[in-house]
Amino acid sequence: MSIWSPGGPPGKRTAPLAEDYRETPLWWDDATFPSVAETALPASADAVVIGAGFTGLAAAARLGSHGKHTLVIDSGGLGEGASGRNAGMIHAGVRRSVATLERKHGAAGRALHDASVEAYRFVARTAAAAAPDAMYTQSGWLHLAHRRSRMKSLRKDEAERRDVLGESTVMLEDAALESEAPCRGFHGGMLTDNGASIHPARYLSGLARLSLSGGVALHLHTRVTSIERRDPGVVVHTSRGDVAAGDVLVATNGYTDDAAPWARRRIIPIGSYIIATEPLGDARAADVSPQRRMMSDSRNFLHYWRLSPDGRLVFGGRTSFAPVSVQTARDRLYAAMIDIYPELSGVRLSHAWTGNVGFTFDQLPHLTRSEGVTYAMGYCGSGVALGSWMGTLAAQWIARGARPAFSDLRFPRMPLYRGHPWFLPLVGVYYSLLDRL
Ligand SMILES: Cc1cc2nc3c(=O)[nH]c(=O)nc-3n(C[C@H](O)[C@H](O)[C@H](O)COP(=O)(O)OP(=O)(O)OC[C@H]3O[C@@H](n4cnc5c(N)ncnc54)[C@H](O)[C@@H]3O)c2cc1C
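Below, the structure is looked at part by part.

Thresholds applied
- Residues numbered from 1 in each chain as written.
- Predicted model: local features only at pLDDT ≥ 70, side-chain atom pairs only at ≥ 80, totals over all residues.
- Heavy atoms only, no water.
- Helix = DSSP H or I, 4+ residues; strand = E, 2+ residues; numbered from the N terminus.
- Rg over C-alpha atoms; globule rule 2.2 N^0.38 Å.
- Buried < 20%, exposed > 50% of the residue type's maximum accessible area, 1.4 Å probe, protein only.
- Axes fitted to C-alpha atoms, helices over the stretch in contact; angles between N-to-C directions.
- Parallel < 35°, antiparallel > 145°, perpendicular 65-115°, else oblique.
- Left-handed = near helix turned anticlockwise from the far one by under 90°.
- Contact = heavy atoms within 4.5 Å.
- Nonpolar A, V, L, I, M, F, W, Y, C, P; charged D, E, K, R; others polar.
- Near = heavy atom within 4 Å.
- Polar contact = N/O pair within 3.5 Å; in protein donor to acceptor, adjacent residues only side chain to side chain.
- Areas by Shrake-Rupley, 256 points an atom, 1.4 Å probe, with all protein chains shown as cover.
- Pairing = 2+ DSSP bridges.
- Patch = residues over 30% accessible without salt bridge, like charges linked within 9 Å, V, L, I, M, F, W, Y side chains within 5 Å.
- Salt bridge = Lys/Arg side-chain N within 4 Å of Asp/Glu carboxyl O.
- Lys, Arg positive; Asp, Glu negative; His and termini not counted.
- Charge placed at Lys NZ, Arg CZ, Asp CG, Glu CD.
- Expected span 1.5 Å × (residues − 1).
- Bend = angle between axes of the 7 residues up to and from the residue.

### Focus: the overall build of the protein
A count of helical and extended segments in the protein gives 10 helices and 20 strands. Taken over C-alpha atoms, the radius of gyration comes to 21 Å for the protein, in line with the 22 Å a tight globule of 437 residues would show. In terms of overall dimensions, the protein has a C-alpha envelope of 65 × 50 × 45 Å along the principal axes. Burial status across the protein gives 57% buried among its 437 residues.

Written out as structure tokens, the structure reads:
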């Protein structure tokens, strides 16, 4: 095993591929995005939202509902950012416990946690109203301990979820674990009812339709090049002209570029990779995940997996903190999947793809404002719910002045970091060692 990546050297095990194998997200196969005509940018708007993912579109839909003349500008097409590339696994909470958040950040920390719980509920409501075809399903989430030593922290997490947050949780070991997760290599798990699945691209499409029906204008394939502060308002410079706006929301997360240097110094883009098998058939799908749970393990080099609505195993992970090709990541993920489910050996892959996750130095999401520009980002791999809700809160702040209680949490940066995460290979070595303890 290489210390640079947990999956071992590339090419050790080559994944078998279906004839129609492709390196685009599975979700793009059966999502239809609204067609958006390319129109001239107006000279001015009440609000400009940069980024047409969950964050930007949820924000735009809410701004539109407040009667704000709103533009969403994206350098790509709909679904090309992480919102069309993720695994569609949804949970409440952020990467820190409520106790830690309260100890470190007081009431603002608690408010951030509460927002994450509301985010979870918000997706359920929004999907039901705007994207019923996205198949939102409350499926529960099973966190699995890849080392016996990780059971202690899972038990702590379970107690907090049960006692403080009122979730319905249970610790699973031995036979109970076998019946929930008939997979290899785990010492136990924590099951919570707070876990759900969605078809992410159809959900995104629903948010786009909601925005358009509220009068929002989408300008795709249009790159924002810089944001200039004016008093009052801002001017947004783009590849297709300038727009003067009362407010601007930067919702670019793991794709943040030089147009937003303040955010670029605070966001660490990290590649995550996903493979999908051919449909397994009902019997084999039931063997893999009898209750169709969302599942993840306790590694820092996290693996996460679920069944797709048509019974494929969708299996994702970080595979490396240094950039690798989709082919290399695919073979590593396949090897990891077979370690967990040996009976799937030989099953062919239909898809493999990648996307950028937006991490932060404190591993917390941030919704904040600096020099008149509002930023919502840094979901650290949990942006289906957090992005949707942070976007909505950002819109309420812009439209009604409703400032979220956690918005003054410091959004940390690191000296010398300007958006190129040169330190990631070193972090990868450290995490790889930790994963073996
Ligand atoms: C492989 C993978 C798996 C994931 N799995 C999950 C999961 O199971 N559950 C979960 O909750 N989260 C998951 N995530 C994270 C989740 O997808 C993201 O947190 C979420 O989609 C972020 O949404 P967003 O709208 O903030 O950003 P994005 O959807 O990434 O959109 C940002 C947009 O900004 C645009 N942009 C950037 N710069 C500019 C510019 N200068 N001008 C114009 N446009 C610009 C980009 O083109 C992009 O479309 C995963 C992410 C990846 C990559």
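On we go from here.
### Here we look at the packing of helix α2 (residues 98-130) against helix α5 (residues 200-213)
Running from amino to carboxyl end, α2 crosses α5 at an angle of 70°, the nearest separation of the two axes being 9 Å. Put simply, α2 runs roughly perpendicular to α5. Once α2 is placed against α5, the crossing between them reads as left-handed. Across the interface between the two elements, Val123, Thr126, Ala127 and Ala130 of α2 pack against Tyr203, Gly206, Leu207, Arg209 and Leu210 of α5. Looking at side-chain class alone, the contact of α2 with α5 contains 6 nonpolar, 2 polar and 1 charged residues.

### Description of the site of the ligand
Looking at the ligand, there are 37 residues lining it, with Thr55, Asp74, Ser83, Met89 and Val384 nearest. Here Thr55 contributes a side-chain N or O atom positioned 2.6 Å from an oxygen atom of the ligand. Between a nitrogen atom of the ligand and a side-chain N or O atom of Asp257, the distance comes to 3.0 Å. In isolation the ligand has 1000 Å² of accessible area, and contact with the protein removes 96% of it.

### Notes on the sheet that holds strand β4 (residues 89-91)
Overall, antiparallel pairing links the 3 strands, which are arranged β4-β9-β5 in an open sheet. Two strands in the sheet have a free side with no partner beyond their single neighbour: β4 and β5 (137-138). Where β5 meets strand β9 (residues 195-197), 2 bridges bridge the pair, whose relative direction is antiparallel. Residue pairing across strands places Thr137 opposite Ser197, the latter belonging to β9. Against the sheet, α2 engages β4, β5 and β9, with an angle of about 130° to β4.

### Observations concerning the side chain of Glu167
Locating Glu167 in the fold gives a position in the loop between α3 (151-163) and β7 (169-172). There is a polar contact of 3.2 Å between the side chain of Glu167 and the side chain of Asn194.

### With respect to a positive patch on the surface
On the surface, a cluster of positive charge is made up of Arg95, Arg96, Arg103, Lys104, Lys152 and Lys156. Those elements giving two or more residues to the positive patch turn out to be α2 and α3. Assessed through its relative accessible area of 30%, Arg96 is described here as partly exposed.

### Observations regarding α2
The end-to-end C-alpha distance of α2 is 31 Å, clearly below the 48 Å that 33 residues give at a rise of 1.5 Å each. In the structure, α2 departs most strongly from a straight axis at His105, where the bend amounts to approximately 145°.

### A word on the pairing of strand β20 (residues 373-377)
In terms of burial, β20 is a largely internal element, 5 of the 5 residues being buried. Neither face of β20 is exposed, since Val373, Tyr375 and Met377 on one face and Thr374 and Ala376 on the opposite face are all buried. Bridge count between strand β13 (residues 241-250) and β20: 2 bridges; the pairing is parallel. Opposite Val250, over in β20, you have Tyr375 as the bridge partner. Judged from the 5 bridges that link them, strand β19 (residues 366-370) and β20 form a sheet pairing that is antiparallel. For Ser370, the partnering residue across the bridge sits in β20 and is Val373. Here β19 hands over to β20 after 2 residues, with Glu371 in that stretch at a positive phi of 45°.

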